[in-house]
Amino acid sequence: MKSFIQIVLAFAMLGFAVFAAADKGKPVYMSYAGYGHDLSMDSNEDGFAANLTQADGNGTFGRSTIAITVEFEPDQDLLGNCPEKYYYAFDVVPENYWAFVTTFPDHSQLFGVFNEGWLCMTEDMREWEGQSNGFYYGGSGRFAGAGGTWVSTYEGENLDSVTGFRSITGDVTGV
């Protein structure tokens, strides 16, 4: 069933990507800040849990709240792309399309997915920064039928190693 859902999402994202390429779309920008924590799920059994992030945003479409799921896996091959202060490198677990929901005060929602991105972390595993990119694939209210692409850069600090509680700030650009 999981593979079927991933195939359906892949075709939906391809359709929206074609639509976005045909119509240049509206440039989108948003900044956000919030917090996240680890979940009890580890999709690839590497010892690093999936996590949930919740943030407040503001940008092109106004104020919003955001919920994001993602899991990273160690990938030291990416370390060469990290600034000098970082010791560990991670890749977004690509076997799943991770998702986010952006909710606006009028209760309209914008949906997105991704399975590409990276994260760099200091040796003490406290500070980190990264980037992810993906697709918008619809929504509700004023975002029904939305499509396009996005890139998000982010950074934060791990505050509690037991629960994986962390801070996050970032921005999103796209169409």
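Conventions we followed
- Residues numbered from 1 in each chain as written.
- Predicted model: local features only at pLDDT ≥ 70, side-chain atom pairs only at ≥ 80, totals over all residues.
- Heavy atoms only, no water.
- Helix = DSSP H or I, 4+ residues; strand = E, 2+ residues; numbered from the N terminus.
- Polar contact = N/O pair within 3.5 Å; in protein donor to acceptor, adjacent residues only side chain to side chain.
- Contact = heavy atoms within 4.5 Å.
- Buried < 20%, exposed > 50% of the residue type's maximum accessible area, 1.4 Å probe, protein only.
- Patch = residues over 30% accessible without salt bridge, like charges linked within 9 Å, V, L, I, M, F, W, Y side chains within 5 Å.
- Areas by Shrake-Rupley, 256 points an atom, 1.4 Å probe, with all protein chains shown as cover.
- Salt bridge = Lys/Arg side-chain N within 4 Å of Asp/Glu carboxyl O.

Participant: I'm lost on the side chain of Glu 71 in this one. Help?
Facilitator: The residue Glu 71 is located in the loop between strand 3 (62-70) and strand 4 (72-74) in this model. A polar contact is formed between the side chain of Glu 71 and the side chain of Ser 43, at a distance of 2.7 Å. When sequence neighbours within four positions are dropped, the list of residues in contact with Glu 71 reads Met 41, Asp 42, Ser 43, Asn 44, Asp 46, Phe 48, Ala 49, Ala 50, Asp 91, Val 92, Val 93 and Trp 98.

Participant: Honestly, the side chain of Ser 108 in this entry has me stumped. Any pointers?
Facilitator: One can find Ser 108 in the loop between strand 6 (98-103) and strand 7 (109-121). Relative accessible area serves as the criterion here: at 4%, Ser 108 is assigned to the buried category. A distance of 3.1 Å separates the side chain of Ser 108 from the backbone nitrogen of Arg 142, its partner in a polar contact. Setting aside chain neighbours within four positions, we find Ser 108 in contact with Thr 102, Thr 103, Ser 140, Gly 141, Arg 142 and Phe 143.

Participant: Mind showing me how you'd approach a nonpolar patch on the surface here?
Facilitator: Taken together, the side chains of Tyr 35, Leu 159 and Phe 165 define a hydrophobic patch exposed on the protein surface, amounting to about 280 Å² of accessible area. You can see Tyr 35 is positioned in strand 1 (residues 28-38). By relative accessible area, Tyr 35 is classed as partly exposed at 40%.

Participant: Help me understand the environment of Thr 153 in this model?
Facilitator: Among the secondary structure elements, Thr 153 is positioned in strand 9 (residues 148-160). Sequence spacing of Thr 153 and Ser 31 is 122 residues, and the spatial spacing of their C-alpha atoms is 9.6 Å. Once residues lying within four places of it in the same chain are set aside, the contact partners of Thr 153 are Tyr 32, Gly 130, Gln 131, Thr 169, Gly 170 and Asp 171. Separated by 2.9 Å, the side chains of Thr 153 and Asp 171 make a polar contact.

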